[in-house]
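Fold and geometry: a report
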Amino acid sequence: MWLTQLTCRRFRCLDEIDFTPGPGLNIIHGDNAQGKTSLLEAFLYVCTARSHRTLHERELVSHGDDGFSITAVAQRSDREVTLEAHYWQRAKRFKINGVAQTRISDILGRINTVFFSPEDVGLIKGSATQRRRFLDMEISQINPRYLVALQQYRQILKQRNSLLKQHRPDPTMLDVWDAQLVPSGETVMRERDAFVRALSVRATEAYARIAADEELALAYAPDLEDPASFAATLEQARETDIRRKQTTRGPHRDDISIVIAGKPARIFGSQGQQKSAALALKLAEIELIHDQAGEYPILMLDEVLAELDAHRAQHLFESLADKVQCLVTTTERELTEKIGGRPYRRYQMTRGRLEAQ
Ligand SMILES: Nc1ncnc2c1ncn2[C@@H]1O[C@H](COP(=O)(O)OP(=O)(O)O)[C@@H](O)[C@H]1O
Ligand SMILES: [Mg+2]
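Not measured: the values here are computed from a predicted model. (Residues numbered from 1 in each chain as written. Chains lettered and ligands numbered in written order. Predicted model: local features only at pLDDT ≥ 70, side-chain atom pairs only at ≥ 80, totals over all residues.)

**With respect to the domain arrangement of the protein**
- Annotation of the protein at the domain level lists domain 1 (1-112 + 295-357) and domain 2 (121-292).
- A separation of 27 Å is found between the C-alpha centroids of domain 1 and domain 2.
- Counting residues at the interface gives 17 residues for domain 1, matched by 16 residues for domain 2.
- At the level of secondary structure, the elements contributing two or more residues to the side of domain 1 that touches domain 2 comprise α2 (104-107) and α12 (310-320).
- When residues in the side of domain 1 that touches domain 2 are grouped by element, the largest group, four residues, is from α12.
- Of the residues that constitute the side of domain 1 that touches domain 2, the class distribution is seven nonpolar, six polar and four charged. (Domains from an automatic or database assignment. Contact = placed C-beta atoms within 7 Å. Helix = DSSP H or I, 4+ residues; strand = E, 2+ residues; numbered from the N terminus. Nonpolar A, V, L, I, M, F, W, Y, C, P; charged D, E, K, R; others polar.)

Written out as structure tokens, the structure reads:
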């Protein structure tokens, strides 16, 4: 699939943007703080109802304004899809092909995207929270049922935790929350397990192509070995939970184990290995979305080129070949070595204005 048109109004520092990228490689050039990342962020927001930089929509509104709007039109193999996001006086509204939507889970996956920025190395060397966020975002994109279960799980967990904060929490109420937490928690664990298994195969393949003589191995590292044991585990942990005033066991403690050449990449990986692993994860995600959605997603690369050496950059573009639409931002002027002789469309971003060149 490919983005044919993106329009934004009053989003961050962006002026009136009407972006009509081509199906292949699109390079958005500009100095720092001109609005390049904001452009990708706007596209990400309209597709996922989330920004990668903030949880607060009001930060996305151009200073001094009351709201923003974003429209994206994408061409899928058999149809065109239009997504709209409007934020006005603290209310957000979404439309698909002109029809108002009430659930975020209905919006996700209509236009599939993969976003890659230098911060994604945090997936390898950062905390488990970052890896869980990655799982949650990516699984939700290909499996809307997952988001429904996840939202239920989070909501019940919050209520259970606030009960645990009370002096001598009522055991019957705890029973009620436990009974509700178990089914959504089990779904979350099972879907994560299936996703990481599929991702792992693709990531190992991708990594082998980037770093020929080493192996990358990914595995789901759940807090509970067996999802079916969730009810029993909650029961066993109840006294501890009451003492610590929080739910100590469950998928909110999950992680992904990432091992390069037999050693945990988070601790022992060199910077180069960690960057290659982050790249392999993203390439794996692209293939996985293709497997599940039947079409390649749209890839956004935010300032990634500067981070990748010529070898990794060339590898990246070779493996994408002409299958994937890429929206690439960069401050670098000289790109020939990194993108090879590939044709591309070039745009210039200056103080929130985008110009095709
Ligand atoms: N809500 C907002 N309204 C207006 N300007 C904003 C808003 N949020 C961020 N900015 C400004 O937008 C500018 C461009 O940001 P960014 O898109 O990250 O640029 P780039 O990726 O080109 O470096 C920054 O100078 C930032 O201060
Ligand atoms: Mg930027």
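After that view, the rundown keeps rolling.
**What to know about the sheet that holds strand β5 (residues 80-88)**
- The strand order β2-β1-β4-β5-β6-β7 describes an open sheet built from six strands, whose pairing is antiparallel. Strands with a single pairing partner mark the edges of an open sheet, and in this sheet they are β2 (17-19) and β7 (99-101). This sheet shows a mean twist of 15 degrees between the axes of neighbouring strands, independent of strand direction.
- As defined by bridge partners, strand β4 (residues 67-75) adjoins β5 across nine bridges and the pair is classed as antiparallel. Looking at the pairing, Thr 71 lines up with Glu 84 of β5.
- Sheet strands touched by helix α1 (residues 36-48): β1 (2-9), β2, β4 and β5. Its angle to β4, the strand with the most contacts, is close to 80 degrees. (Pairing = 2+ DSSP bridges. Axes fitted to C-alpha atoms, helices over the stretch in contact; angles between N-to-C directions.)

**A look at the environment of Ile 107**
- Position of Ile 107 relative to the elements: it lies in helix α2.
- Ile 107 sits in the buried class, given 21 other C-beta atoms within 10 Å.
- Linking Ile 107 and Thr 48, residues 59 residues apart in sequence, is a C-alpha distance of 6.9 Å.
- Residues in contact with Ile 107, not counting those within four places in the same chain, are Ala 49, Leu 83, Phe 94, Ile 96 and Gln 101. (Buried ≥ 20, exposed ≤ 12 C-beta atoms within 10 Å, placed from the backbone.)

**Some words on the site of ligand 1**
- The environment of ligand 1 is formed by 14 residues, the closest being Cys 13, Ala 33, Lys 36, Thr 37 and Ser 38.
- The class makeup of the residues in the shell around ligand 1 is three nonpolar, eight polar and three charged. (Near = placed C-beta within 6 Å.)

**Quick word on the sheet that holds strand β3 (residues 25-29)**
- Spatially, β8-β12-β13-β3-β14-β15 is the arrangement adopted by the six strands of the open sheet, whose pairing is mixed. Two strands in the sheet have a free side with no partner beyond their single neighbour: β8 (113-116) and β15 (353-356). Adjacent strand axes in the sheet meet at a mean angle of 20 degrees, parallel and antiparallel pairs treated alike.
- Where β3 meets strand β14 (residues 345-350), four bridges bridge the pair, whose relative direction is parallel. Residue pairing for β14: Ile 27 is matched across the bridge by Arg 346.
- Of the strands in this sheet, β8 and β12 (298-302) are in contact with helix α10 (residues 271-293), which crosses β8 at around 180 degrees.

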